[in-house]
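Chains, contacts and geometry: an overview
Take a look at the letters that make up each chain.
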Amino acid sequence: MENLQTYFLNFPQFAVTWGIFFGAGLLSFFFLLWRDRSDFSFREMFEHCVPFNVLTSKSFHMDVIIYVWRKLTDLVFVAPGLAATALVSSATDFGLRSVFADFSPLGINYVVTFACTIVMLIAAEFADYLVHYLEHKVPALWELHKVHHSADFLNPLTSKRGHSFPLVYGGIAAGVITGTFAGLFMFLFGISLVEAVALRAVASKIFTIWTLDPLKHSHIPVSLGWFDRFLISPHMHQIHHSKVERHWDKNFGTNLSIFDWMFGTGYRPERGEKAVFGISGYSNASLQKFNTFKGAYFDPVMRSWKAIVAQVRPDVHAKPGAKQDPPTFIIETQKRTEQGAETAGSAPAAIGPRPPSPASNSGTIG
Ligand SMILES: [Zn+2]
Ligand SMILES: [Zn+2]
């Protein structure tokens, strides 16, 4: 069992991601070829899997830069989350052993391992849901999370497109919630911290494959059919990236959709329903501001800080002569998004200069 677990965990993520991405692309291409009785062309096959306009877009180039940056730096930002997991699980285990000193661990078998894996997955997904929900509702967090939503084309690298700070607060939240369960399993079944944490890693990898995770950030709108009732399908996550008004604040889950259904944020798109990628209120031109290192890393921190100051000291911007930022987006232009759904891919209406509004800082989701 342990060998199987190790092999599964060590199986290269790179192969899983691109295997699913190109597998789905080729499968859908040959299906369309068969359905339309068209002639085969290598160029069309490649264009179907990886549209050329994606490769030449600034959004994709920034995805690549952020991907490399995160490969180099993620370890630093995930460290607090790992420390929180270790601390909370050890404290829970220690606390329970102090209270129930006579208890002897039950031992572990396949059924227990399976049950613990499911519990860990649900706990991790709840933490992700909670953090993601807050990222859309709390202005200071939304400013950081916007970086992920600023992609106007989705590809598997977009899953890593995001500011590094969320790794800290997201990791700590997940560490506290899953660490509590890990500590409980350590106490009940006498397993080590590493074994308890491995349960979460195995669960998350199983669901990454089951939910066709690499397609969530892609142009291929795959539904999981009946499984959409408890899993987040690629099409459901693409809807989360949509700036069409009826798609706002929907599908916060990572792999499980159960919390979305539970808290009223679930949205199951119709077959062929279009998502317009981007952030509500941002024109395609203004989205380009996120496609520089400064726009993706430094500016969000500054706006996040200003959102905190505005909340702690709401009078600060009211002072005569106080320096104000130009608006990051104009809330009124959100009305165009429903119309934009019908003309997916077309350039949104131009944004004219308007005075900044408090709502423009917090933003509505994209
Ligand atoms: Zn989001
Ligand atoms: Zn996403």
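In this text the structure is predicted, and so the values were computed from the model without any measurement.

**Quick notes on the overall build of the chain**
Looking only at helices and strands, one finds 15 helices and zero strands in the chain. Counting across all 366 residues of the chain, residues that qualify as buried make up 35%. Of the contacts made within the chain by residues no fewer than 6 positions apart, 75% connect residues no fewer than 24 positions apart.

**A few points about the packing of helix α8 (residues 165-189) against helix α9 (residues 193-210)**
Where α8 contacts α9, the two axes come as close as 9 Å, and the packing angle between them is 130 degrees. When the axes of α8 and α9 are compared, the pair comes out oblique. By crossing handedness, the relation of α8 to α9 is classed as right-handed. Within the contact between the two elements, α8 uses Thr 178, Ala 182, Phe 185 and Met 186 and α9 uses Leu 193, Ala 196, Val 197 and Arg 200.

**Here we look at the nonpolar core**
Of all hydrophobic cores here, the largest spans 18 residues; its most connected members are Met 120, Ala 182, Phe 185, Met 186 and Ala 196. Contributions of two or more residues to this core are made by α6 (110-137), α8 and α9. Setting aside residues up to four positions removed in sequence, Ala 196 forms contacts with Ser 89, Ala 182, Phe 185, Met 186 and Ile 191. Within the second largest apolar cluster, 15 residues are counted, among which are Tyr 129, Ala 151, Leu 154 and Ile 239.

**Some points on the UniProt feature "transmembrane region" (unreviewed entry) in the chain**
Mapped onto this numbering, the UniProt entry annotates "transmembrane region" (unreviewed entry) at residues 15-34, 75-96, 108-127 and 167-191. Along residues 75-96, the helical share is 100% and the strand share 0%, with 31 Å between the first and last C-alpha atoms. The span residues 108-127 shows a helical share of 90% and a strand share of 0%, and its end C-alpha atoms are spaced 26 Å apart.

**Points about α6**
Relative to the 40 Å expected for 28 residues at 1.5 Å per residue, α6 spans 41 Å between its end C-alpha atoms, a close match to the ideal helical length. When α6 is considered as a whole, its buried residues turn out to be Cys 116, Met 120, Leu 121, Ala 124, Glu 125, Ala 127, Asp 128, Tyr 129, Val 131, His 132, Glu 135 and His 136. Check the buried side of α6 and you find it contacts α7 (139-149), α8, α9 and α11 (258-262).

**Observations regarding helix α5 (residues 58-99)**
Helix length check: α5 (42 residues) gives 58 Å between terminal C-alpha atoms against 62 Å at 1.5 Å per residue, within 8%. The sharpest bend along α5 reaches about 60 degrees and sits at Thr 73. Buried within α5 we find Ser 59, Phe 60, Met 62, Asp 63, Ile 66, Gly 81, Ala 84, Thr 85, Val 88, Ser 89 and Asp 93. In this structure, the buried residues of α5 make contact with α4 (52-55), α8, α9 and α13 (293-312).

**A few points about the environment of Asn 155**
Inspection of the secondary structure assignment puts Asn 155 in the loop between α7 and α8. A residue is classified by how many C-beta atoms lie within 10 Å of it, and Asn 155, with 22 of them, is buried. When the C-alpha positions of Asn 155 and Pro 214 are compared, they lie 8.1 Å apart, and in sequence the two are 59 residues distant. Each residue touching Asn 155, except ones within four places of it in the same chain, is listed here: Val 54, Phe 60, Asp 63, His 217 and Ser 218.

**What about the environment of Thr 292?**
In this fold, Thr 292 is placed in the loop between α12 (284-287) and α13. Here Thr 292 falls in the partly exposed class, since 14 other C-beta atoms lie within 10 Å of it. Separated by 226 residues in the primary sequence, Thr 292 and Ile 66 place their C-alpha atoms 9.7 Å from one another.

**Quick word on unusual backbone geometry**
Of note, the phi angle at Asp 249 is positive, near 55 degrees, even though the residue is not glycine. Mapped onto the secondary structure, Asp 249 falls in the loop between α10 (234-240) and α11. The phi angle at Asn 251 is positive, at roughly 55 degrees, despite the residue not being glycine. Looking at the secondary structure, you find Asn 251 in the loop between α10 and α11. What makes Asn 251 buried here is the crowd of 26 C-beta atoms within 10 Å.

Here is what the cut-offs are and how they apply
Residues numbered from 1 in each chain as written. Chains lettered and ligands numbered in written order. Predicted model: local features only at pLDDT ≥ 70, side-chain atom pairs only at ≥ 80, totals over all residues. Helix = DSSP H or I, 4+ residues; strand = E, 2+ residues; numbered from the N terminus. Buried ≥ 20, exposed ≤ 12 C-beta atoms within 10 Å, placed from the backbone. Contact = placed C-beta atoms within 7 Å. Axes fitted to C-alpha atoms, helices over the stretch in contact; angles between N-to-C directions. Parallel < 35°, antiparallel > 145°, perpendicular 65-115°, else oblique. Left-handed = near helix turned anticlockwise from the far one by under 90°. Core = buried A, V, L, I, M, F, W, Y, C linked by C-beta atoms within 7 Å. UniProt positions renumbered as here; feature names shortened; annotations may be inferred. Expected span 1.5 Å × (residues − 1). Bend = angle between axes of the 7 residues up to and from the residue.

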